[in-house]
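An overview of the molecular structure
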Amino acid sequence: MENALLIGLSRQVALSRELDVIANNMANVGTNGFKARSARFNEFVMPKAKAEAFKPADQQLSYVIDRGTPLDLSQGATEFTGNPLDVALKGDNFLVVQTPAGERYTRAGSLTIDRQGRLVTQSGQPVMGEAGPITFGNTEFDMRIAADGTVESDQGTRGRLRQVRFADPRSLVSEGGNLFSSPVAPQTAPAGTRLEPGAVERSNVKAVSELTRLMEVQRAYQSVANMISRSDDLRSKAISRLADQQA
């Protein structure tokens, strides 16, 4: 009975983790450039050692262990906005932004200009060009971004957006605000990489699939909870009967 409770608990922990992942995906259905995550689990078989002197032989017990939440880098839908400072990234490239904690990476290409004349994200992080932050003067107008990432105004070129990619996307760590960090240094995007000006990449979350999975996980969680409750009741009855026999 203890084994049943422990196995049930390991399953509940895994399902709870998956519910958190699905809930975060659903909360970001409308977030530009958001990349969904999925939960991955493996079977962990116990015991490792077996006692062969007893009959019947030891029974293997299967537990559930968390194997992480890999990132889905598939392309989200492109939505044309007509904003000259909006860009939709293609492939698996990321823009580089500056934050108080250092450089971070994002797919959110809805950009604007702050009061200091800096090209920034909607959250206010300066967007990095190949030569550093991109800024404009007070007298400039007609700011726009070309398909090759060149940032221009009526007074000429102001830089080119720095784009990077990662050889192993599993190294990316979500930091909230649609930002990622990585302990591994990124690679520079190949020359000739193109953007989609005047557009943004929407979230790649498939809302219907996530909602369906959410209901499945909730039902599975409730089923495990009922099993644990029945096992606990059975244990209580067994203890009570043993106490009656000894009396």
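Residues numbered from 1 in each chain as written. Predicted model: local features only at pLDDT ≥ 70, side-chain atom pairs only at ≥ 80, totals over all residues. Heavy atoms only, no water.

Going by what an unreviewed UniProt entry lists, the protein is known as Flagellar basal-body rod protein FlgF and is assigned to Bosea minatitlanensis. Regarding the protein, the relevant UniProt record gives this comment under Subcellular location (unreviewed entry): "Bacterial flagellum basal body". Looking at the Subunit (unreviewed entry) heading of the UniProt record, one finds this comment for the protein: "The basal body constitutes a major portion of the flagellar organelle and consists of five rings (E,L,P,S, and M) mounted on a central rod. The rod consists of about 26 subunits of FlgG in the distal portion, and FlgB, FlgC and FlgF are thought to build up the proximal portion of the rod with about 6 subunits each." (UniProt positions renumbered as here; feature names shortened; annotations may be inferred.)

Following the criterion strictly, the structure yields three aromatic pairs and no others. For the pair Y105 and F166, a centre-to-centre distance of 5.1 Å together with 80 degrees between the ring planes defines the contact as edge-to-face. In this pair, Y105 is assigned in strand β6 (residues 102-106) and F166 in the loop between β14 (163-165) and β15 (173-174), connecting sequence segments 61 residues apart. Assigned by exposure class, Y105 and F166 land together as buried. Counting every residue linked through ring pairs, the aromatic cluster contains F94, Y105, F166 and F180. Taking the ring centre of F94 as reference, the NZ or CZ of R107 above it sits at 6.0 Å. (Phe/Tyr/Trp six-rings, centres within 6.5 Å; stacked < 30°, edge-to-face > 60°. Helix = DSSP H or I, 4+ residues; strand = E, 2+ residues; numbered from the N terminus. Buried < 20%, exposed > 50% of the residue type's maximum accessible area, 1.4 Å probe, protein only. Lys NZ or Arg CZ within 6 Å of the ring centre and 35° of its normal.)

On to the confidence of the model for the protein, then. Of all residues in the protein, 91% attain a pLDDT of 70 or more, and the chain-wide mean is 88. Across the protein, element-level confidence peaks in strand β8 (residues 119-121) with a mean pLDDT of 97 and bottoms out in strand β1 (residues 41-46) with 75. (pLDDT = per-residue confidence, 0-100.)

What follows deals with the UniProt feature "domain: Flagellar basal body rod protein N-terminal" (unreviewed entry) in the protein. If you check UniProt for "domain: Flagellar basal body rod protein N-terminal" (unreviewed entry), the listed places come out as residues 5-35 in our numbering. Helix makes up 74% of residues 5-35 and strand 0%, whereas the separation of the span's terminal C-alpha atoms amounts to 36 Å.

Let us now look at the nonpolar core. If you look at the biggest cluster of nonpolar residues, it comprises 16 residues, and the most contacted ones within it are V87, L111, L119, I145, V151 and L161. Non-local contacts of L161, meaning those with residues more than four positions away in its chain, are made with V87, L95, L119, V127, M128, G129, E130, I134, I145, G149, V151 and L195. Among the nonpolar cores identified, the runner-up in size contains nine residues, and V96, Y105, F166 and F180 belong to it. (Core = buried A, V, L, I, M, F, W, Y, C linked by side-chain atoms within 4.5 Å. Contact = heavy atoms within 4.5 Å.)

With that out of the way, let us pick up the UniProt feature "domain: Flagellar hook protein FlgE/F/G-like D1" (unreviewed entry) in the protein. Using the residue numbers shown here, the UniProt feature "domain: Flagellar hook protein FlgE/F/G-like D1" (unreviewed entry) corresponds to residues 88-152. Helix makes up 0% of residues 88-152 and strand 42%, whereas the separation of the span's terminal C-alpha atoms amounts to 17 Å.

To find leftover empty space, one rolls a probe the size of a water molecule over the atoms. In this structure, the largest pocket spans a volume of roughly 250 Å³. Lining the largest pocket are 19 residues, with N24, N28, F34, R37 and S174 sitting closest to its centre. With five residues, helix α1 (residues 2-27) is the largest single contributor of residues to the lining of the largest pocket. Here the second largest pocket defines a volume of roughly 190 Å³. What lines the second largest pocket is E130, D148, R160, L161, R162, Q163, T188, A189, P190, A191, G192 and T193. The class makeup of the residues in the lining of the second largest pocket is four nonpolar, four polar and four charged. (1 Å grid on protein atoms, 1.4 Å probe; cavity = no way out; pocket = protein on both sides within 12 Å on 5 of 7 lines; lining within 4 Å. Points joined across faces, edges and corners; volume = space filled by probe spheres on them. Nonpolar A, V, L, I, M, F, W, Y, C, P; charged D, E, K, R; others polar.)

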